[in-house]
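The primary structure of each chain is shown beneath.
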Amino acid sequence: MKTKGNINVEIILVFSTIIIISAIMINLSIEELDTSFKTKEKIETRQLIEKITQTINTAYTNQESHIKIITLPEKLENKTYTAIINKTGIYINTYNHITYKKPIPNNIKNSYNQTTIYLIPGKTYKIENKKEETTTSIIITQI
């Protein structure tokens with residue numbers, strides 16, 4: 001009888017240990033998967049902000065009336081985002097991260113002469129180098 005009781009306790013302890021170790025392994029796997037998704041989201045955000053900056057800089061460094069077209073993706077890693085351009089730079093705000101990049105020109109505005117521009121995901125924009133009185137401006141217009 002005592003042997004049967006000891007075996008049952010040992011079986012319970014072994015199974016409990018296996019369950020605890022399995023739970024720890026699953027938790028670690030989920031954390032690693034979450035980290036890889038966040039890294040992929042940051043990479044996509046960085047690529048988009050680089051694309052926007054490069055398009056603005058190319059339009060700015062070319063001759064007057066040079067036009068570039070850019071289409072923004074609907075989502076970044078299946079998540080919504082906001083893109084804002086103002087006098088200090090370009091900002092992309094995803095769920096848990098803000099990415100910033102400073103383009104060459106300081107004089108960026110939209111066709112309504114507003115210096116804070118909200119870019120809508122999934123829309124296409126015309127970025128134009130336009131000579132004004134004494135300065136060169138970048139005009140961003142939704143197409």
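Residues numbered from 1 in each chain as written. Predicted model: local features only at pLDDT ≥ 70, side-chain atom pairs only at ≥ 80, totals over all residues. Heavy atoms only, no water.

**Digging into the overall build of the protein**
In terms of regular secondary structure, the protein is built from 1 helix and 8 strands. Beginning at the N terminus, the succession of helices and strands in the protein can be written as α-β-β-β-β-β-β-β-β. Compactness check: the protein gives a C-alpha radius of gyration of 27 Å against a globular reference of 15 Å for 143 residues, more than 25% above the reference. Dimensions of the protein, computed from C-alpha atoms along their principal axes, come out at roughly 100 × 25 × 20 Å. Counting across all 143 residues of the protein, residues that qualify as buried make up 26%. Once local pairs closer than 6 in sequence are excluded, the contacts in the protein between residues at least 24 apart make up 61%. For the protein, the exposed surface amounts to about 9700 Å²; the carbon and sulfur share of it is 58%. The average position of the 18 basic charges and that of the 13 acidic charges among the side chains of the protein differ by 2 Å. (Helix = DSSP H or I, 4+ residues; strand = E, 2+ residues; numbered from the N terminus. Rg over C-alpha atoms; globule rule 2.2 N^0.38 Å. Buried < 20%, exposed > 50% of the residue type's maximum accessible area, 1.4 Å probe, protein only. Contact = heavy atoms within 4.5 Å. Areas by Shrake-Rupley, 256 points an atom, 1.4 Å probe, with all protein chains shown as cover. Lys, Arg positive; Asp, Glu negative; His and termini not counted. Charge placed at Lys NZ, Arg CZ, Asp CG, Glu CD.)

**Quick look at the nonpolar core**
Ranked by size, the top nonpolar core spans 20 residues in total, and within it Ile 52, Ile 56, Leu 72, Ile 85, Ile 92, Leu 119 and Ile 140 carry the most contacts. Going through the elements one at a time, α1 (2-61), β2 (82-86), β3 (89-94), β6 (117-119), β7 (124-132) and β8 (135-142) are the ones with two or more residues in this core. If you tally residues by element for this core, the top one is α1, at 5 residues. If sequence neighbours within four positions are ignored, Ile 140 has contacts with Ile 56, Ile 85, Ile 108, Lys 109, Asn 110, Ser 111, Ile 117, Leu 119, Tyr 125, Lys 126 and Ile 127. (Core = buried A, V, L, I, M, F, W, Y, C linked by side-chain atoms within 4.5 Å.)

**A word on the packing of aromatic side chains**
A full pass over the atoms with the stated rule returns 1 aromatic pair. Pairing Tyr 91 with Tyr 100 gives two aromatic rings, centres 5.0 Å apart and planes at 45 degrees, and the pair type is tilted. Overall, the relative accessible area of 38% leaves Tyr 100 in the partly exposed class. (Phe/Tyr/Trp six-rings, centres within 6.5 Å; stacked < 30°, edge-to-face > 60°.)

**Quick notes on the side chain of Thr 94**
Position of Thr 94 relative to the elements: it lies in strand β3. Residue class for Thr 94 comes out buried when judged on its relative accessible area of 6%. Non-local contacts of Thr 94, meaning those with residues more than four positions away in its chain, are made with Glu 41, Thr 45, Leu 76, Thr 80 and Tyr 81.

Any functional reading would require information that these geometric values do not contain.
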